[in-house]
Structure formats: C-alpha cells, structure tokens
Amino acid sequence: MGVHGVKAVFFDLDNTLIDTAAAGRRAIEEVINALQSKHHYGEGEARAICDKVQAKLLKECHDPARMCITDLRISHWEEAIQETIGGEANRNLAAECYFLWKTTRLQNLTLAEDTRGMLTELRKGVRLLLLTNGDRQTQREKIEACACQPYFDAIVVGGEQKEEKPAPSIFRYCCDLLGVQPAECVMVGDSLDTDIQGGLNAGLKATVWLNKAMTAPGDASPVPHYIISSVLDLPAVLQKMEHKMNAKLGTDNTAGSNEEAR
C-alpha cells in the first residue's frame, strides 16, 4: 500500500503495537497471588506493595552507567515491601517478586494477528521502522517476546541513542537509517508528549495519535494531524492522506493549465 509522498512509517511499541499496560496488570495480579499464597501476606498488604512499585516505575529515572535496570527494579520492590511491612529489607523476596512480574509481563506481550497482517500489507508499499523509548535491555526483551522484528526494516531503541523521543535527533537518525527525508515519514504512537511532539519537532509529514479512549487532547498538548482509536485504522488514514494529495495535485495541475491558457 503505497502513499503519494510517504516513504516510511515509524511505529511506537508500548501500548501502540502491543498492550503493555494489560500485560503489566496481569503480571501484578500474579505477584499479588504469590505474596498471598506463598508468603501469607494479606490481600491489602500485597496490593499496597504492588501499588507502591507501580508508582516507583512511573517516576523511574534510570542511568545505565550507574546501575543496571534489574538492580534498580529489584530495589523498587525491596523499598515497597519495607515501606508497607516494615522491618528488615528483604532483597530475596524483592528479587522473587521482580522476576515473577517481569516474566509474566513478557509472556503476555503479543503482537496480535490482525496487527501482523496490517504491518505485512503496509510494508509492501512503505518502509516500516519501530521507534521505542526506554532502557535497552527492557525494550529488547519486549521486542523479542512479541517477535515483531520480521515486520520492520529497522528497529531503534531510545536507550541506545544519545537522546530519546521527542528529541529531533532520534528522528533524524531514523530517517538516515532508511534513507528518507522527515517530510516523507509518518509517526504513529499513543503518547502526545513523546510520539506526537517528537514527530512535530522533527518536521515529519504527519503524526497519528493512537487514542483508544478517544478523549480530547488537553489545551496545552501537541496537536496531532490524525487521531485513531485502533492501530488497525492506520491504513484508512494513509488512504485519506493519499486522497488529499491527489486532490491537491489535481488542483495544482488545473491552476497550471489555466496559467498556460492565459
């Protein structure tokens, strides 16, 4: 499916192509069950520990030069257990919780069959690139878990670059990888702050915001060119772009003919 003037589409990974949030929820439930059945914590205590960990993950600042992601995340669990239960730090239990959470989350990350089909069809006409922010190890494990490598011409992980989305430099790097210009590329993602703002910063042809809840963006938010409720709606957006482009070309050609007639 080729689109006039579009040579490449960049996709975000988490909560765009794969449902990381849902996988994370299932992983948390596994840990809660283990804390109750194996370690005899009350449900309230187990949920409090997991709530604290999720809050720490949201605020996480990771410097791979100082600490590996595994040690950092075990520390999140260790702190959450101590903050909830008190007493001595329990690094062994923290490690057990972390690895159960991580393994369960990875097991639940899948690239849906219909999404695979869409990517396969798109790739017949445009080049596809996966552009994901995050720690190198964490994101590479997700990519391997959902087996999405064969559907892309290139994969770029923010944690392996000097800057992540929304910095224009990572988008320029992606363009150089594929041998295309920013004005020939479309960015698709669920984050207004990184995917959409980044695409706008880099001067891409279009940005497509995946907004499953179809909520209106805030007044101060970046404004995407297109909004979809499912990633499967993307081909229709590209078709709409094609129609707009053809209409513009038709108008330009008509104007040119009128000029010659004069």
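In the block above lies the structure referred to throughout.
Residues numbered from 1 in each chain as written. Predicted model: local features only at pLDDT ≥ 70, side-chain atom pairs only at ≥ 80, totals over all residues. Heavy atoms only, no water.

Student: Help me out: how do you make sense of the overall build of the protein in this one?
Tutor: Across its full length, the protein carries nine helices and six strands. Considered along the principal axes of its C-alpha atoms, the protein spans approximately 90 × 40 × 35 Å. Relative to its 262 residues, the protein shows a buried fraction of 42%. In the protein, which carries 29 positive and 37 negative side-chain charges, the distance between the mean positions of the two groups comes to 3 Å. (Helix = DSSP H or I, 4+ residues; strand = E, 2+ residues; numbered from the N terminus. Buried < 20%, exposed > 50% of the residue type's maximum accessible area, 1.4 Å probe, protein only. Lys, Arg positive; Asp, Glu negative; His and termini not counted. Charge placed at Lys NZ, Arg CZ, Asp CG, Glu CD.)

Student: For this particular structure, what's the right way to read the packing of aromatic side chains?
Tutor: To describe a pair of aromatic rings, one takes the distance between the centres and the angle between the planes. Per the counting criterion, the structure on display carries three aromatic pairs. Seen in terms of ring centroids, tyrosine 98 and tryptophan 101 are 6.1 Å apart; in terms of plane orientation they differ by 35 degrees. Their pairing is tilted. Here the residue tyrosine 98 and the residue tryptophan 101 both occupy positions in helix α4 (residues 91-107), the gap between them amounting to three residues, near one helical turn. The same class applies to tyrosine 98 and to tryptophan 101, which are both buried. Taken together through their ring pairs, the aromatic side chains of Tyr98, Phe99 and Trp101 make up a single cluster. (Phe/Tyr/Trp six-rings, centres within 6.5 Å; stacked < 30°, edge-to-face > 60°.)

Student: Help me out: how do you make sense of helix α2 (residues 43-58) in this one?
Tutor: A turn of α-helix holds 3.6 residues, and therefore any two residues three or four places apart point the same way. Between the first and last C-alpha of α2 there are 23 Å, a value that for 16 residues agrees with the 22 Å anticipated at 1.5 Å per step. Those residues of α2 not exposed but buried are Ala46, Ile49, Cys50, Val53 and Lys56. End-on view of α2: buried residues confined to an arc of 120 degrees, all on one side of the axis. Exposed and oriented more than 90 degrees from the buried face of α2 are Gly44 and Leu58. Considering only its buried residues, α2 is in contact with α1 (20-37) and α3 (69-85). (Expected span 1.5 Å × (residues − 1). Arc of directions from axis to C-beta. Contact = heavy atoms within 4.5 Å.)

Student: Any chance you could explain the nonpolar core here in plain terms?
Tutor: Nonpolar side chains in soluble globular proteins tend to end up buried together. Judged by nonpolar contacts, the single largest core of 34 residues is most densely connected at Val9, Phe11 and Leu234. Those elements that place two or more of their residues in this core are β1 (8-11), α5 (113-122), β2 (127-132), α6 (136-146), β4 (185-189), β5 (206-210), β6 (226-228) and α9 (234-261). For this core, the element with the highest residue contribution is α9, accounting for four residues. Counting residues in each nonpolar core, the second largest holds 20 residues, with Ile74, Trp77, Cys97 and Trp101 among its members. (Core = buried A, V, L, I, M, F, W, Y, C linked by side-chain atoms within 4.5 Å.)

Student: Would you take a moment to explain the pattern of salt bridges for this structure?
Tutor: Think of it this way: side chains of opposite charge can pair up when their charged atoms draw near. One pass over the structure, following the stated rule, counts 16 salt bridges. The partner of arginine 47 in a salt bridge is glutamate 29, and the shortest N-O contact between them spans 3.0 Å. One end of the pair, arginine 47, is in helix α2; the other, glutamate 29, is in helix α1, with 18 residues separating them in the sequence. Taking the relative accessible area as the measure of exposure, arginine 47 reaches 32% and is therefore partly exposed. Residues arginine 140 and glutamate 160 are paired through a salt bridge, measuring 2.9 Å at the closest nitrogen-oxygen approach. One end of the pair, arginine 140, is in helix α6; the other, glutamate 160, is in the loop between β3 (154-157) and α7 (168-178), and 20 residues separate them in sequence. Exposure remark for arginine 140: the relative accessible area of 31% places this residue in the partly exposed category. Note on glutamate 160: relative accessible area 33%, which makes it partly exposed. Overlapping salt bridges, with partners in common, bring together Asp12, Lys165 and Asp195 in one network. (Salt bridge = Lys/Arg side-chain N within 4 Å of Asp/Glu carboxyl O.)

Student: Whenever I open this one, the pairing of β4 confuses me. Can you help?
Tutor: Consecutive side chains of a regular strand alternate in pointing toward one face of the sheet and then the other. Counting buried positions over the five residues of β4 gives five, a clear majority of the element. The alternating pattern of β4 places Cys185, Met187 and Gly189 and Val186 and Val188 on opposite faces, both of which are buried. Here four bridges tie β1 to β4, and the two strands are oriented parallel to one another. What sits directly across from phenylalanine 11, in β4, is valine 188. Bridge count between β4 and β5: four bridges; the pairing is parallel. Bridge pairing in β5 places valine 188 opposite valine 208. (Pairing = 2+ DSSP bridges.)

Student: Is there a simple way to explain the sheet that holds β2 in this structure?
Tutor: Strand pairing in a sheet is mediated by backbone hydrogen bonds. Such pairs are either parallel or antiparallel. Pairing is parallel across the open sheet formed by six strands, whose spatial order is β3-β2-β1-β4-β5-β6. At either end of the open sheet lies a strand with only one pairing partner, and these are β3 and β6. Each strand of the sheet is rotated relative to its neighbour by a mean of 20 degrees, with strand direction disregarded. Alignment of β2 against β3, held across four bridges, turns out to be parallel. Following the sheet pairing, leucine 130 is matched in β3 by isoleucine 155. Strands β2 and β3 of the sheet are contacted by α6, whose axis makes an angle of about 145 degrees with β3. (Axes fitted to C-alpha atoms, helices over the stretch in contact; angles between N-to-C directions.)

These results come straight from atomic positions and should not be treated as a statement about function.
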